[in-house]
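Each chain, written out:
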Amino acid sequence: MHEELFLTDQELERRSELKRLQELGINPYPAEAYEVNMHAKQVQEEFEEGKEGFEKLSMAGRIVSKRIMGKASFAQLQDSSGSIQLYFSRDEICPGEDKTLYNEVFKKLISLGDIIGIKGHAFITKTGEKTIHVTEFTLLTKILRPISFPKETEDGKVYDTLTDTETRYRMRYLDLIVHPQVRENFKKRTLLMQSMRNFLNEKDYLEVETPILQPIYGGAAARPFKTHHNTLDMTLYLRIANELYLKRLIVGGYDGVYEFSKDFRNEGMSRFHNPEFTQMELYVAYKDYNWMMDLVEEMVERVAIDVTGGTKVQVGENVIDFKRPWKRYTMYESIEEYTGIDISEMDEAQLRELCGKLEIEVDDSMGRGKLIDEIFGEKVEPLLIQPTYITDYPVEMSPLAKKHRSKEGLVERFEGICNGKEFCNAYSELNDPIDQRERFESQLELGKRGDQEAMMLDEDFLRALEFGMPPTSGLGIGIDRLSMIMSNQPTIQEVLFFPHMRPEQGAQVDGREAFKQAGVAEEWIAPVIKSGVTTVAALKSANPNKLHQDVCGINKKYKLGQKNPSKEEVESWTK
């Protein structure tokens, strides 16, 4: 098939440039390493006229703009650190009689987005702009698809063609090229994780790894992804949490373990949810949830300082202050505070009736714990903007947490809420194997009622508890949500390099064999599809006269050199 028929005019132009470069003996994809001894940001921040160290620069990056002015030209080079202006002089680039490198290669065959290496020295223009005077340049990569970079007009308006969020997320590589400021979100995410890791390492907790493929999923209330191991002929699940494995390590004798883990939950997607997400889970022996609340305050306060430079962080219209101490409510207190209703003595039927009055949607599979969770999620959580702890949850909501030492029917658990969403969850961990078995069995009953998020019974974990797990406090922090807050981003997709997306929607195109069976000769399949007739069904309903004109026109436009089909031949395709 004629592949060029499916390329845009600009893509064809890039391939034409590529071919001409090769004819000139220029390798558009050289293998040799290119020395880089300076970056744009360093020149912008450090260079002054007369300062040493900027006389022999070697830099590399993408050309993002060009201004051709006869024998001299300006361009903008964008590298990983920022951008810098370049100045090209024809007679300096081409000191001899042959001016091809400037007149043809630079002016005509280097497109916006191409990656080049340059050598030269820094200077400051009459308008005060720091610039690199280029004495030598090398093409390092020729792009085959056009890139449209944002343009700023004299009045300060910016014209940006890459604004569709779905395109940005689907083609993150292009988003990062066109919007280098997006890279800062991910730098902050990395700083966040480094800060947290340094904090935990300073306390001598051990970073570990636990299985992603698990025979029994557990550690959270969620639907799993399911797969199959062929050699062992067994069903496995992508982990929904790593809690039960980390607790096994506490049983084994470690005093403190943590893991940055990729977890997977087969649930809905939203601006706060992605099926694949990152958590940091920490378990420390001989501690309880009160101790863990203090540790989280200390750690997140430090993260905020390391990532943003202070404890106050701008998030949307709110300024969130992570300075310790944070406000604390019990679960029941928070619901009473924001609804005026005391639910502490309500049974399942009363809670279901209350949900109806509050216009909260519920279903028959929900037990008492889920109903309370729905009330909290609808009426309280969105209103908690400043960092707040919600503590002492009903036992039905927390199958892995230790029963409260003094409050009947509750467990020792807290969640950290900020900007209207949970970002961490922690317990005084349940280490009574008999109580734990009963909790698992209660979960099994909820599963029979249709609760697809109910936990499974893990016999090996129960066996581990029977060998004795010391009093332990455990924590899970959502790295994605905390990254959203620290980088002031409204959606989780902005802090994930490659968020999950629906399949890309495109025009349906039947294969060559289908068109052959319909009677279209091999050499005319590509022109037929290029004309907009992409399926056999569309072919059978096409106007044969118009299709004949279109196919003949494509043959001429793209210089295919084929003898045009007759009207009768085209008409036979449509029958």
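Just above, that's the structure.
Quantities reported herein were computed from a predicted structural model and do not represent experimental measurements. (Residues numbered from 1 in each chain as written. Predicted model: local features only at pLDDT ≥ 70, side-chain atom pairs only at ≥ 80, totals over all residues. Heavy atoms only, no water.)

A. Main features of the packing of aromatic side chains. Summed over all chains, the structure comprises 17 aromatic pairs. Relative to Phe-137, the ring of Phe-106 lies with its centre 5.9 Å away and its plane at 65 degrees, an arrangement referred to as edge-to-face. Of this pair, Phe-106 sits in helix α4 (residues 100–109) while Phe-137 sits in strand β5 (residues 130–141), and the two are 31 residues apart along the sequence. Here Phe-106 falls in the buried class, since its relative accessible area comes to 0%. Residue class for Phe-137 comes out buried when judged on its relative accessible area of 8%. For the ring pair Trp-326 and Phe-423, a centre distance of 6.1 Å and an interplane angle of 65 degrees mean the geometry is edge-to-face. With Trp-326 in the loop between β15 (318–321) and β16 (327–330) and Phe-423 in strand β19 (residues 421–428), this pair connects stretches of sequence that are 97 residues apart. Owing to a relative accessible area of 5%, Trp-326 belongs among the buried residues under this scheme. For the cation-ring pair, Arg-413 lies above Tyr-393, with the distance from its terminal atom to the ring centre recorded as 4.2 Å. Lys-421 extends its terminal NZ or CZ atom over the ring of Phe-272, reaching a point 4.9 Å from the ring centre. (Phe/Tyr/Trp six-rings, centres within 6.5 Å; stacked < 30°, edge-to-face > 60°. Helix = DSSP H or I, 4+ residues; strand = E, 2+ residues; numbered from the N terminus. Buried < 20%, exposed > 50% of the residue type's maximum accessible area, 1.4 Å probe, protein only. Lys NZ or Arg CZ within 6 Å of the ring centre and 35° of its normal.)

B. Just the nonpolar core, in detail. Core analysis: the largest hydrophobic core is formed by 41 residues, its most contacted members being Met-331, Ile-335, Ile-343, Ile-372, Ile-375, Phe-376 and Ile-390. Taken together, the elements giving at least two residues each to this core come down to α8 (243–251), β13 (276–285), α10 (331–339), α11 (348–357), α12 (368–379), β17 (388–394), β18 (410–418) and α14 (459–466). Of all the elements, α12 adds the most residues to this core, at 4 residues. For Met-331, the contacting residues outside a window of four places in its chain are Ile-372, Phe-376, Ile-390, Thr-391, Asp-392, Tyr-393, Pro-394 and Met-397. In terms of nonpolar packing, the next biggest core, distinct from the first, is built from 38 residues, Leu-282, Met-292, Val-303 and Phe-322 among them. (Core = buried A, V, L, I, M, F, W, Y, C linked by side-chain atoms within 4.5 Å. Contact = heavy atoms within 4.5 Å.)

C. Representation of the pattern of salt bridges within the structure. Enumeration over the complete set of coordinates arrives at 40 salt bridges. Put simply, Asp-288 and Arg-405 hold a salt bridge, and the shortest N to O gap is 2.9 Å. One end of the pair, Asp-288, is in the loop between β13 and α9 (289–308); the other, Arg-405, is in the loop between β17 and β18, with 117 residues separating them in the sequence. Owing to a relative accessible area of 53%, Arg-405 belongs among the exposed residues under this scheme. The salt bridge partner of Lys-546 is Asp-550, with a shortest N-O separation of 2.8 Å. A residue pair is termed a helical-turn pair when its members lie 3 or 4 positions apart in one helix, as Lys-546 and Asp-550 do in helix α19 (residues 544–557) at 4 residues. (Salt bridge = Lys/Arg side-chain N within 4 Å of Asp/Glu carboxyl O.)

D. Main features of the sheet that holds strand β8 (residues 206–207). One open sheet accounts for 8 strands, arranged β8-β12-β13-β20-β19-β18-β17-β16; its pairing is mixed. Either end of the sheet is taken by a strand with one partner, and the two such strands are β8 and β16. Of the strand pairs in this sheet, β18 and β19 are connected by 6 bridges, and their pairing is antiparallel. Each bridged residue has a counterpart across the sheet, and for Glu-415 the counterpart in β19 is Asn-425. (Pairing = 2+ DSSP bridges.)

E. The arrangement of helix α1 (residues 9–23) in detail. Here α1 spans 21 Å end to end across 15 residues, near enough to the 21 Å set by a 1.5 Å rise per residue. For α1, the full list of buried residues reads Glu-11, Arg-14, Glu-17, Leu-18 and Leu-21. For α1, the arc enclosing every buried residue in end-on projection is 115 degrees, short of the 170-degree limit, so these residues lie on one face. Turned more than 90 degrees away from the buried face of α1, the exposed residues are Asp-9, Lys-19 and Glu-23. Where the residues of α1 are buried, they touch α4 and β5. Positive phi appears at Gly-25, one or two residues downstream of α1, with a value of about 85 degrees. (Expected span 1.5 Å × (residues − 1). Arc of directions from axis to C-beta.)

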